[in-house]
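Each chain, written out:
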Amino acid sequence: MSKKIINININEDIIDIVSDYVFKSKNKIALICGGKRPFLFFKKKLAEKYNKSFFPPYFFTHNDFIDKLIFDHTNLRKSSTLEIVFMLYKIIKDKFPQLLNEISSFKNFIEWGFEIFSFIEQLDFEDVPEKRLKFLSLNAEIGYDVPEFINKLLKNIFEIRNIFHNNLEKTNNTTDGYNFLKASYIFDEKFVEDFDEIILVAPFYLYKTELKIFKKIYSIGKITIFIQGDPKKYETLKEIYAFFGEQIPIIKDIKNKYNLNIYSVYDSQSQGALIRNIISSYKKKDLDKTIIVVPDSNVIQSIESEISMITNNYNISVGYPICKIPILTMIFSIIDAQLLRKKNFYNSKSIIAIFNNQFFKNMIFFNKKNISKIISNNVEKMLNQYSKNCLSGKMFVLLSDIIYNNNLIHEIDNTLIYEAYEYIDNKKIVNILIEIFNDFFIVWEKIDTLFKLSEILCFFLKKIYKLSIIKKYPSNIEAIKILYSISEEMKTGNISTEKMNNDEIFYIFKKMINDKNIVLPGSSVKGLQILGFLESRNITFDNVFIANMNDSAIPMMKKDYALIPKNIMYSLGIYITKKDYEIQKYHFDRLVSCSKTLNLIFLDDDKYEKSRFLEKIIWDNQLKNKDLNSIKITKFIVPNFFVNFKTKKKFLKTKDIKKYLKNMFYTYTKIDTYLNCKLKFYYKYVLKVFETKQISDDILNLDIGIFVHNFLMEVFHEKLDNDKIKSLDFKKFYFMKLNEKLKKSVFFNFREDFFMIKKILTYKMQNILHYENLRTFETIYACEKKYISKIETKLKEEYNLCCIIDRIDIINNTYTIFDYKTGYVNNIINKKFFDIMKRDYKRQNIRKAINSLQLPLYKYVFEKNTGFIASCGIYDIKKIKIVMFPMLNDIYNECINVLKTLIYEINNEEYFEFYADDRIKCSICEYFYMCR
C-alpha cells in the first residue's frame, strides 16, 4: 500500500528518479503523466536498468486514465466535438430560441457553439456546483456589464448544462469534461483494483474533479505522488499539498549550474543557422542529449532546413499545422473554386490555382508523367488575359468551354509532339480533360451533407495517392491519415445526414481541419530532439536550445474566452486562465534548471520584446553579480553573400531590336524601369518575360489597388462638378455604389475576413469623400483618359509617348491632373540632389533627385494634346492627401531633359548591360537568376 507525496528538487531528473523507484518496486504499477512523450523515456530508462525483457508499468496521460475509469465501468462513448456542438445547437434552437437571435443556420452558430461547449467543459472539469450557477443566473437577470447575448446565455446556462448532460446520458455520449465530472462522483475502490500502486508524475495544475479522484485513491492508500519543485515558489504546488492535507516539506535550494548563452538574431532563418553552427561540432552522443524547443511552430521549417544540412539524426515532434501541408492547399483550392462558382461558371483564378498545384502537375495519366504538366501549362495560357483566345481575360468560364476547346486540344497535342515527343489521340486528350474536371470540380458541386463530403473526400484522396507523387512525402502521408480520420468523423452522428448548403459544409470542414497538427516522423528517443514547449515536459536534456525567446511566443498566453469574461470565470471557481502564466513558468524553470548548457535565442526586432522569462534570467544574473553588464548577449550575423557582378550578362541591340525600340510607345513605367535597371527593361519590355503571379488566398495590394481605382473612376466621373459632390444625394449614391461593388467583388466576398476588409475600405472611402468635400474645383474634366504624343531628342529624332491619366480637374479655368496611388508615396523630387543632377546627368544622380518621371511625362503629353496645366500631383489614398509636383519651370524642364536623355540612351547605346549601382535591388528582382 502506498500513500505518500515525494518531493524532488527542480534540478533533478524526474524520469531517472521515478524509473529507479519503479525498478525497485514489485508492485503492479500505473504511471500517470501530463503527456505521452515521457513514457518513451521511462521505457528507455527501465530497459537500461533491467537489461533484459520485462513487463513495463501501465502508462496513462491524465485524460487516458479518466477515460479508462469511465469506459471500463459505463456504456458511455466519446463523441466528436462537432457532433457535441451540433447537439448544443439543437438544444438551444428547441429550448432557448431567444439566444439565437439572427443566427439562422448551424454554420453561423458553430463559432459560438465551440465557445459555449468550452465553457460547459470548464464547468464540468472544475465541478462548478448548481448552487453557484443559479446564483450566476440571478446576477445575469440584473445584467452583467457584457453584451446582451452573454447575459441571456448566463441566465440560462444552468438549464442548458442540465439538458446537455441528460442528452449525453440518453445517447450514451460523453466529453472530456463530463468524463472527469462523472468519474469524480461514481469512483469506487474497485475502479483501480487492476493496480497495486498508481504513481502520479510531476503534477502541477489539476482540475478540481481530478483532485477529488486522486484524493479518493490517496485515501485507500494506492497512490504515490512525485512533485518536482519547491511549493513555496509555486502557489499551485502549495494548493496540491493543502488539498491532500500534507505539510509542505523543507526543500534545499540548489543553484543552477548551467552554462548560459544568450543570442540575438534578426529572423527565423538566422535562428536556424545559429543553431546549426553550434551543433555542427557535436558528436553523435551529444545529439542524444540535446533538445531544441520551438514554442512557435511557424519557425520549424527554418530550423529543420538548417539542421538537415549537417545531420539526419533528429526527430521533430512539434505540432505542425496541417493547413500548411501541400495536399491541403490542393483541397482548399478545390473548395475555393466551389465557393467562387456562379451556377455552372467557375472563376478563372480558381481553375488556374488547381492546375498550378504541384500534385496536379505531377499526376500520371497513361503512365506518362509529363501529360498533366503540359495540360496545366496550356490551360493556364488559355485563361491568361494576355493570350489571344476567346476565353482569355474572362473572370468566369464554363468547364465545357475548356474541355472541348479545339485550340486547347491542338496546343496540348503540339506540345506533346514537339516538346515531350509523345503522341496521344485527341479523343484521349478530351477524355483526360473530362476526367480531370469531373474529379477536381464537378463531383464537388452536389455536396449537401457531411456524409456526402466524406465519400467524395475519400475517393479524391485515393485517386491522388494512386496517380500523384504524394506517397514520396511523409508529411503529406501524415496529413492524409488525419483527413481520413476527419472523414470518418463526418460520417457519424446526427450531423452527418443534416442537409446543408455547399458553403456551410465547406465552412464546417475547414473549421474541423484548422486546429489539426501533424507530427513529423523521426526517432522519439534517439538523436537530436526538436520539440514544442509542452512536449518537453518532464524530460531532461544536457544541451537545451530554446528558440523564439520573445514574449509573443513564450509564454504563449491563451486568449480570454470570447464569451465569458475572466472575472465571471473566477467567480465560478475556474482559474485555468489565471494559472496559465504560472504553468508555463514552472515548465520553463524545470527545463532550464535540469540543463548543463542553456542556449536562449531571441529575435532582436522592434516589433518583438524579449520574453519575460529571459528578462528574469538576465535580471537575476545582474542582481547576483551586482553588475548590469554581467550578461553578454551575442549578436548572430549571417555573413553576406555577394553575386559576382562581373558575370552579369549584356545583350547587343540588334537592328530588329533597335527598330522595335524606335516604334515603342514609352510610358512612365518603362522609363522608370530603365532608370532602375537596364537589364530589367530588356527582360520585361523587349523579351516580354513577365513574372508568374502565384494564386493565393491572400489579397494582393494589386487587387485592392484595382478595386479602389475602379470605384473612384465610377463615382468621380467625367463632368461631375464640385457642388454635386457636396450634396446629400451624392453621398447616398457614393456609399450605395461602394456596397454594391464590395458585394460583387469575387476577390473579397468569399473571404472569412470580408467584414474587416469591408470596414477598412469603407473607412478609407469615407475619408476620401470628406477630403473631396473640403477641396474646391469646378468640374472633373476627364477620368482614366489615354493621351499619345511625341518627344524629340537631341538628335532630332521623334519617339512615341503614351499615358493614361487617372483624373483631370478644372480649377479656375485651368487643368490639374492627378494619379491615384494606394501604395506608399515618396517625395517626387529630392531638391537636395536635384542641383547636383543638373550639373551631371549620371544615373545615380538622377535616381537620387527624381523618384519617378510619371508627372512630368503626364504634363508634357497632356499639354501637347490639350492645354496648359496649372498643377499636377499624386493622390495618396493611404494618407488622404495630394502630393503636388513642384510647378517650377526649372524643375519641370530638367525632368523633360532627363526623359529625353533616357530615351536617347535606350535607342542609341549598343548594349543592354548591367550598371554597377543597380545592384541595390537585385536581391528582390524577379529576374535575379536570369542575370547571373
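This structure is a prediction, so every number in the text was calculated from the model and none was measured.

Right, let's talk about the overall build of the protein chain for a bit. In terms of helices and strands, the protein chain carries 38 helices and 26 strands. The dimensions of the protein chain, computed from C-alpha atoms along their principal axes, are 105 × 70 × 65 Å. Taking all 932 residues of the protein chain together, 52% fall into the buried category. As presented, the protein chain carries roughly 46100 Å² of accessible surface, and 51% of it is formed by carbon and sulfur atoms. Averaging the positions of the 142 positive and the 112 negative side-chain charges in the protein chain gives two centres separated by 3 Å.

If the charged atoms of two oppositely charged side chains come close together, the side chains can form a pair. Enumeration over the complete set of coordinates arrives at 44 salt bridges. Residue Lys 838 is joined to Asp 890 by a salt bridge in which the shortest nitrogen-to-oxygen separation is 3.0 Å. Of this pair, Lys 838 sits in helix H34 (residues 831–839) while Asp 890 sits in helix H37 (residues 889–908), and the two are 52 residues apart along the sequence. When salt bridges with common partners are traced through the structure, they connect Asp 16, Asp 20, Lys 24, Lys 45 and Lys 49 into a single cluster.

With respect to the secondary-structure elements, Lys 624 resides in helix H26 (residues 612–625). In sequence terms Lys 624 and Ile 250 are 374 residues apart; their C-alpha atoms lie 23 Å from each other.

On to the confidence of the model for the protein chain. Considering every residue of the protein chain, the mean pLDDT works out to 84; 90% of them sit at 70 or more. Below pLDDT 50 for its whole length, residues 640–646 participates in five contacts with residues either more than four positions away or in separate chains.

This part covers the packing of helix H14 (residues 326–340) against helix H22 (residues 474–490). Helices that pack against each other are described as a pair by the angle of their axes relative to one another and the distance between those axes. Where H14 contacts H22, the axes come no closer than 8 Å and their chain directions differ by 50°. Regarding the angle of H14 to H22, the classification is oblique. On H22, the residues touching Pro 326, Ile 327, Leu 328 and Ile 331 of H14 are Asn 476, Ala 479 and Leu 483. Tallied by class, residues from the contact of H14 with H22 come to six nonpolar, one polar and no charged.

Along the chain, Glu 504 turns up in helix H23 (residues 502–514). Of the side chains with opposite charge, Lys 107 comes closest to the buried, unpaired Glu 504, at an N-O distance of 7.0 Å. A distance of 3.3 Å separates polar atoms of two side chains, one belonging to Glu 504 and the other to Ser 105. In this structure the side chain of Glu 504 is engaged in a polar contact, spanning 3.1 Å, whose partner is the backbone nitrogen of Asn 501. Residues in contact with Glu 504, not counting those within four places in the same chain, are Ser 105, Phe 106 and Lys 107.

This brings us to the packing of helix H27 (residues 655–663) against helix H29 (residues 678–686). Put simply, H27 and H29 touch, their axes get as near as 13 Å, and they point 80° apart. Classified by the interaxial angle, the pair formed by H27 and H29 is roughly perpendicular. Residue-level contacts link Ile 657, Tyr 660 and Leu 661 of H27 to Phe 681, Tyr 682, Tyr 685 and Val 686 of H29.

Before going further, it helps to examine the side chain of Thr 224. Within the secondary structure, Thr 224 is located in strand E7 (residues 222–228). Side-chain polar atoms of Thr 224 contact the side chain of Glu 197, separated by 2.5 Å.

We now examine the packing of aromatic side chains. Two aromatic rings, taken as a pair, are described by how far apart their centres are and by the angle between their planes. For the structure shown, the criterion picks out 53 aromatic pairs. An angle of 45° between the planes, with centres 5.5 Å apart, marks the rings of Phe 355 and Phe 437 as tilted. Of this pair, Phe 355 sits in helix H15 (residues 348–355) while Phe 437 sits in helix H20 (residues 426–440), and the two are 82 residues apart along the sequence. Given a relative accessible area of 1%, Phe 355 falls into the buried group. The exposure class of Phe 437 is buried, given its relative accessible area of 0%.

A few words now on the sheet that holds strand E9 (residues 290–293). Two pairing modes exist for strands in a sheet, parallel and antiparallel, and in both the strands are linked by backbone hydrogen bonds. With respect to topology, seven strands assemble into an open sheet ordered E10-E15-E9-E16-E17-E8-E18, the strand pairing being parallel. Lying at the two open borders of the sheet, with one neighbouring strand each, are strand E10 (314–316) and strand E18 (633–635). Between one strand axis and the next, the sheet turns by 20° as a mean value, whatever way the strands run. Where E10 meets strand E15 (residues 528–531), three bridges bridge the pair, whose relative direction is parallel. When the sheet's bridge partners are listed, Ile 316 is paired in E15 with Ile 530. Docked against the sheet, helix H25 (residues 576–593) engages E9, strand E16 (543–546) and strand E17 (597–603), running at close to 140° with respect to E16.

Calculation rules
- Residues numbered from 1 in each chain as written.
- Predicted model: local features only at pLDDT ≥ 70, side-chain atom pairs only at ≥ 80, totals over all residues.
- Heavy atoms only, no water.
- Helix = DSSP H or I, 4+ residues; strand = E, 2+ residues; numbered from the N terminus.
- Buried < 20%, exposed > 50% of the residue type's maximum accessible area, 1.4 Å probe, protein only.
- Areas by Shrake-Rupley, 256 points an atom, 1.4 Å probe, with all protein chains shown as cover.
- Lys, Arg positive; Asp, Glu negative; His and termini not counted.
- Charge placed at Lys NZ, Arg CZ, Asp CG, Glu CD.
- Salt bridge = Lys/Arg side-chain N within 4 Å of Asp/Glu carboxyl O.
- pLDDT = per-residue confidence, 0-100.
- Contact = heavy atoms within 4.5 Å.
- Axes fitted to C-alpha atoms, helices over the stretch in contact; angles between N-to-C directions.
- Parallel < 35°, antiparallel > 145°, perpendicular 65-115°, else oblique.
- Nonpolar A, V, L, I, M, F, W, Y, C, P; charged D, E, K, R; others polar.
- Polar contact = N/O pair within 3.5 Å; in protein donor to acceptor, adjacent residues only side chain to side chain.
- Phe/Tyr/Trp six-rings, centres within 6.5 Å; stacked < 30°, edge-to-face > 60°.
- Pairing = 2+ DSSP bridges.

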